[in-house]
Amino acid sequence: MNILSIPFLYINILALCAFSLMFAIFLAAKKTPEIRAFLIMMLDCVVWIAGAILMRLQIWPGMTVWYYVSLVAIFSMEVVFYNFLHAFSHEKGKFLLGIFVLATVALLPGTLTGFFLAPPTPVTQANGMVVYTYHTIYWHMAFPCVLFILIVIASLRLLIRMKREQGTYSSAAVILFLGGLINLAGNLIQIFVPGNTFPFDALAGVIYAGLMMFALYRRRLFRMTLVASRGLLMLAVAGACVLLGLFCVDPFYSFFTERIGLERQTALTAESLLLSGVLTLTYTMARCGIDTLFTRDGQQSRL
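Residues numbered from 1 in each chain as written. Predicted model: local features only at pLDDT ≥ 70, side-chain atom pairs only at ≥ 80, totals over all residues. Heavy atoms only, no water.

1. Some remarks on unusual backbone geometry
Following tryptophan 60, the chain continues to proline 61 via a peptide bond in cis, the omega torsion being 10 degrees. Position of proline 61 relative to the elements: it lies in the loop between helix H2 (33–57) and helix H3 (63–88). Within the chain, glutamine 58 stands out as a residue other than glycine whose phi angle is a positive 55 degrees. The residue glutamine 58 is located in the loop between H2 and H3 in this model. On the accessibility criterion, glutamine 58 (37% relative accessible area) is partly exposed. With a phi angle near 60 degrees, histidine 90 is a residue other than glycine that sits in the positive phi range. Inspection of the secondary structure assignment puts histidine 90 in the loop between H3 and helix H4 (95–106). (Helix = DSSP H or I, 4+ residues; strand = E, 2+ residues; numbered from the N terminus. Buried < 20%, exposed > 50% of the residue type's maximum accessible area, 1.4 Å probe, protein only.)

The following block contains the structure:
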């Protein structure tokens, strides 16, 4: 399968890079219950996105196998999020968490047989792009959706209690709940919107992971200077910029030549200037953000 024949695959690849980087750098952090729960969440995200990418590329042992790997990770995501929230709020009892874990395990037969959501059908369009069409039987999805709604309600209850008892961290509670809702919305859009080819789930997943990481940082559960070096993060940002540039070359060229009607040489010049500006701006903003984090951490460590 040609990697350039799959629309928006670069978003999935960037999401995989982001999840893998977060997982790798937090392995070096002090293993508090919150950090362990965050690592489990990132590992689930890595399995989900990696399975989705390998499914679209139809890598051995086949599209169906990787689809079910990704789907199991998706259906596990809500209980993994609740586990993170449970650790973050220092909740003592684990009865409800155990019930949610058992309910998620009970979904496995329906998940692995395609009862809830059957594997998509690859369709080759006239322009050579390969898209994957889902045929959702909506009432079949009622069972996992009920579980997801119950987990959302339980999560909201935990956050309200945390805000009431730990008012200092109320902003972190809002960030956590917002991240969970964004991730759930992205996956529901991906499943229920017919004909959609844009990976809303991957984009929402990156936002979700970033908000979870920010909540941990706001609560001073880690310092950037202890989990990763400035050089490693800048190298990762540079790699992401290069990857983004590679995947944007053909779409931008087609836009300038087909939509705007520029000649070949003019289109190449415009594309070069636009890509240079976008990548320079992305790299500069990321560098300023990382410098700010490291500077703030240095000041706090001196205090």
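2. As for H3
Side chains of residues three or four places apart in an α-helix project in the same direction, reflecting 3.6 residues per turn. With 26 residues, H3 should cover 38 Å at 1.5 Å per step; its first-to-last C-alpha distance of 36 Å lies within 8% of that length. The sharpest bend along H3 comes to roughly 40 degrees, located at methionine 77. Here H3 lies mainly inside the structure; 20 of its 26 residues are buried. Of the residues trailing H3, histidine 90 is marked for its positive phi of about 60 degrees. (Expected span 1.5 Å × (residues − 1). Bend = angle between axes of the 7 residues up to and from the residue.)

3. Some words on the packing of H2 against H3
Where H2 meets H3, the closest approach of the two axes is 8 Å, and the angle between their N-to-C directions is 160 degrees. As summarised for this structure, H2 and H3 are arranged roughly antiparallel, according to the angle between their axes. In terms of crossing hand, the pair formed by H2 and H3 is left-handed. For the contact of H2 with H3, the residue count by class is 23 nonpolar, 4 polar and 2 charged. (Axes fitted to C-alpha atoms, helices over the stretch in contact; angles between N-to-C directions. Parallel < 35°, antiparallel > 145°, perpendicular 65-115°, else oblique. Left-handed = near helix turned anticlockwise from the far one by under 90°. Nonpolar A, V, L, I, M, F, W, Y, C, P; charged D, E, K, R; others polar.)

4. Some remarks on the packing of aromatic side chains
According to the stated counting rule, one finds 12 aromatic pairs in the structure shown. Grouped by ring-pair contacts, the aromatic residues Phe75, Phe115, Phe116, Trp139, Phe143 and Phe148 constitute a single cluster. (Phe/Tyr/Trp six-rings, centres within 6.5 Å; stacked < 30°, edge-to-face > 60°.)

5. So, the pairing of strand S1 (residues 121–124)
Of the strand pairs in this sheet, S1 and strand S2 (residues 130–133) are connected by 4 bridges, and their pairing is antiparallel. Paired with valine 123 across the bridge in S2 is valine 131. Between S1 and S2, which pair antiparallel one after the other, the connecting turn spans 5 residues, and glycine 128 there sits at a positive phi close to 90 degrees. (Pairing = 2+ DSSP bridges.)

6. What about the side chain of threonine 111?
Here threonine 111 is to be found in helix H5 (residues 108–112). Taking the relative accessible area as the measure of exposure, threonine 111 reaches 1% and is therefore buried. For threonine 111, the residues in contact, after removing those within four places along its chain, are Tyr68, Leu71, Val72, Phe75 and Phe116. (Contact = heavy atoms within 4.5 Å.)

7. Quick notes on the confidence of the model for the chain
For the chain, the average pLDDT comes to 79, and 78% of its residues sit at 70 or higher. Of all secondary-structure elements in the chain, the lowest mean pLDDT belongs to helix H9 (residues 224–227), at 48, while H4 reaches the highest, 94. (pLDDT = per-residue confidence, 0-100.)

8. What about the nonpolar core?
Residues Phe19, Phe26, Phe38, Phe84, Leu176 and Met212 are the most contacted members of the largest nonpolar core, which totals 68 residues. Looking at this core, the elements with two or more residues in it are helix H1 (9–26), H2, H3, H4, S2, helix H6 (142–165), helix H7 (170–192) and helix H8 (200–218). By residue number, the principal contributor to this core is H3, which donates 16 residues. Once residues within four sequence positions are removed from consideration, phenylalanine 19 is found in contact with Met42, Cys45, Val46, Trp48, Ile49, Gly205, Val206 and Ala209. (Core = buried A, V, L, I, M, F, W, Y, C linked by side-chain atoms within 4.5 Å.)

9. Here's the deal with the packing of H4 against H6
Interaxial distance between H4 and H6 falls to 11 Å at its minimum, and their mutual angle equals 160 degrees. When the axes of H4 and H6 are compared, the pair comes out roughly antiparallel. The two elements H4 and H6 meet at a crossing, and its hand is left-handed. The segment H4 lies against H6, with Leu96, Phe100, Ala103 and Thr104 engaging Leu147, Leu150, Ile151, Ala154 and Arg157. Partitioned by chemical class, the residues of the contact of H4 with H6 number 7 nonpolar, 1 polar and 1 charged.

10. Let's talk about a nonpolar patch on the surface
On the surface, Leu43, Val47, Val65 and Val69 cluster together into a nonpolar patch covering about 270 Å² of accessible area. Of all elements in the fold, only H2 and H3 reach the threshold of two or more residues within the nonpolar patch. We classify valine 65 as partly exposed; its relative accessible area is 39%. (Patch = residues over 30% accessible without salt bridge, like charges linked within 9 Å, V, L, I, M, F, W, Y side chains within 5 Å. Areas by Shrake-Rupley, 256 points an atom, 1.4 Å probe, with all protein chains shown as cover. Salt bridge = Lys/Arg side-chain N within 4 Å of Asp/Glu carboxyl O.)

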